[in-house]
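Summary of the model geometry
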Amino acid sequence: MTALPSDMLVIEISRPGGPEVLQPTRRPLPALSDGEVLIAVEAAGVNRPDALQRQGGYPPPPGASDIPGLEVAGRVAAIGAGVRQLAVGDRVTALVAGGGYAEYCMAPAGSCLPWPEGYDAVRAAALPETFFTVWSNVFDRARLQAGESFLVHGGTSGIGTTAIQLARAFGARVFATAGSAEKCAACRQLGAEVAVNYREEDFVTVLKAATGGRGVDVILDMVGGDYVDRNYELAAVDGRIVQIAFLGGAKATANFGRLMQKRLVHTGSTLRPREAAFKAAIAASLHDKVWPLLSAGSVAPVIDRVLPLDRAAEAHAALETDHIGKIVLVPGGA
Ligand SMILES: NC(=O)c1ccc[n+]([C@@H]2O[C@H](COP(=O)([O-])OP(=O)(O)OC[C@H]3O[C@@H](n4cnc5c(N)ncnc54)[C@H](OP(=O)(O)O)[C@@H]3O)[C@@H](O)[C@H]2O)c1
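Residues numbered from 1 in each chain as written. Predicted model: local features only at pLDDT ≥ 70, side-chain atom pairs only at ≥ 80, totals over all residues. Heavy atoms only, no water.

1. Considerations on the domain arrangement of the protein chain
The parts lose accessible area when they come together, and the size of an interface is often stated as this lost area. To keep things clear, this is the line we draw: Where each domain starts and ends follows an automatic or database-derived domain assignment. Summed over both partners, buried area is the accessible surface (1.4 Å probe) that two parts give up on being assembled. Salt bridge, as applied in this entry: a Lys or Arg side-chain nitrogen positioned within 4 Å of an Asp or Glu carboxyl oxygen. Whenever a nitrogen or oxygen atom comes within 3.5 Å of another N or O atom, the pair is scored as a polar contact, on the condition that within protein one atom can donate a hydrogen and the other can accept it, and that pairs from neighbouring residues in sequence are kept only if both atoms are in side chains. Numbering goes from the N terminus for both helices and strands, where a helix is a DSSP run of H or I of at least four residues and a strand is a run of E of at least two.
What the domain assignment reports for the protein chain is domain 1 (7-127 + 274-330) and domain 2 (131-268). Just the C-alpha atoms count here: the centres of domain 1 and domain 2 sit 27 Å apart. Considering only the surface of domain 1 that becomes buried against domain 2, I282, V299 and I324 emerge as the three largest contributors, covering 26% of it. In this assembly, domain 1 and domain 2 are joined by one salt bridge. One salt bridge connects D322 with K183, and the closest N-O pair in it is separated by 3.6 Å. Across the contact surface, domain 1 and domain 2 share three residue pairs in polar contact (both at pLDDT 80 or more). Of all the elements in the fold, those that place two or more residues in the side of domain 1 that touches domain 2 are α9 (276-289) and α10 (291-296). Looking at the side of domain 1 that touches domain 2, the element that brings in the most residues is α9, giving seven residues.

2. A closer look at the site of the ligand
Convention followed: What makes a residue near a molecule or strand is one non-hydrogen atom of that residue sitting within 4 Å of it. Note on areas: these come from Shrake-Rupley sampling with a 1.4 Å probe, and a residue is covered only by the protein chains present in the view. Residues are called lining when one of their atoms sits within 4 Å of a cavity or pocket point, these points coming from a 1 Å grid over the protein atoms alone, where a cavity is a set in which a 1.4 Å probe fits but cannot get out and a pocket is an open set with protein on both sides within 12 Å along at least five of seven lines. For a molecule to be placed in a cavity or pocket, more than half of its atoms must lie within 2 Å of the grid points of that cavity or pocket. Polar here means any residue other than Ala, Val, Leu, Ile, Met, Phe, Trp, Tyr, Cys and Pro, which are nonpolar, and Asp, Glu, Lys and Arg, which are charged; Gly is therefore polar.
Close to the ligand lie 23 residues, the nearest being R48, G179, K183, Y198 and H323. One of the backbone nitrogen or oxygen atoms of G179 is found 2.7 Å away from an oxygen atom of the ligand. Between L247 and the ligand, the recorded distance is 3.4 Å, taken from a backbone N or O atom to a nitrogen atom. Burial of the ligand by the surrounding chains reaches 87%, relative to a free accessible area of 920 Å². In a pocket analysis with a 2 Å cut-off to the grid points, the ligand is assigned to the largest pocket. Elements with a contribution of two residues or more to the shell around the ligand: α1 (48-54), α3 (128-141) and α4 (158-169). If one sorts the elements of the shell around the ligand by residue count, α1 sits on top with three residues. Per-class residue counts for the shell around the ligand are 12 nonpolar, eight polar and three charged.

3. Some thoughts on empty space enclosed by the protein
Here is the rule: Grid points are joined across faces, edges and corners, and a volume is the space filled by probe spheres set on the points.
A full pass over the atoms with the stated rule returns one cavity of 30 Å³ or more. Size it by volume and the largest cavity reaches roughly 50 Å³. Considering the residues around the largest cavity, the lining is formed by S136, N137, R141, S269, T270, L271, R274 and F278. Here the lining of the largest cavity gets three residues from one element, more than from any other, and that element is α3. Across the lining of the largest cavity, the residue classes break down as two nonpolar, four polar and two charged.

As structure tokens, this is what we get:
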């Protein structure tokens, strides 16, 4: 085994602000804890929560690194006490509560998964955050079933591109919303039957018509604001609406009569602060049910672009302006 260096390149948030506050610097390697592994990072995924953290609105949970980055892929460089299922040298992709924008990152062993067959580090690093989130919210919380209809708002986000493919792969009729004709075309290419450009059309009207007036069984929403009431209007009887963010605002006025009349369930969750055992259970379900689809190529991450780790600021600027799918950072250069 190669000796570990004493310090590493990381991207830190120098102060709350725009993409330019992401600064390369050097820090000591994180200390290894029981039940965790140290990963030599070959690629790190970029996600919207990283941008919220950078702006100062999404602090890391207690005990998590202040370095941004919620998913990494690489080789196990060291293992903590009590880790039996992994060995030094294993290639893993991991969901982490922070610390991904770095050359080395700690991960709970239970949040690590092997690379799907034929994958490289970039594609493997693009998986955990969106696949854990979509699995947990769409299939566990909202219990989407084959034959039901499903709508994801923000269809070309990292979350959206994953949700469209998984819902389709598990037999749902899939609908999406997105903010341009190009993004709608990308949603359809991924498996959405109808993609609504919300800047030009009312998604409630379009999707009520697409479902013969019945409405949509499960809605995954990251927008909130006035979408809350519109989701209630669109939902089918016994529909489930899962809130994973409020990009359009966390306060809303809604006709709650619809909630009662249609027996809707409106729920939500945040993955990052959940305990290691909860994440390990999702990892096990993904390994069992989704990793075979990734290895077979019937579901795949959509990579928008790959950038060197020290250009994380550029990655965030792209995240906040225009992208389709995932942006991935690579230590040592893309
Ligand atoms: N709760 C959880 O556990 C959890 C976990 C992971 C992610 N998330 C959240 O899920 C969301 C998606 O994450 P991501 O990394 O996939 O994001 P992303 O790739 O950055 O995409 C965000 C998308 O949201 C749309 N959007 C942005 N601002 C909007 C607004 N004001 N109104 C409507 N749409 C807007 C944009 O698409 P258009 O151009 O089409 O509008 C963009 O494609 C984020 O809000 C993130 O915080 C939550």
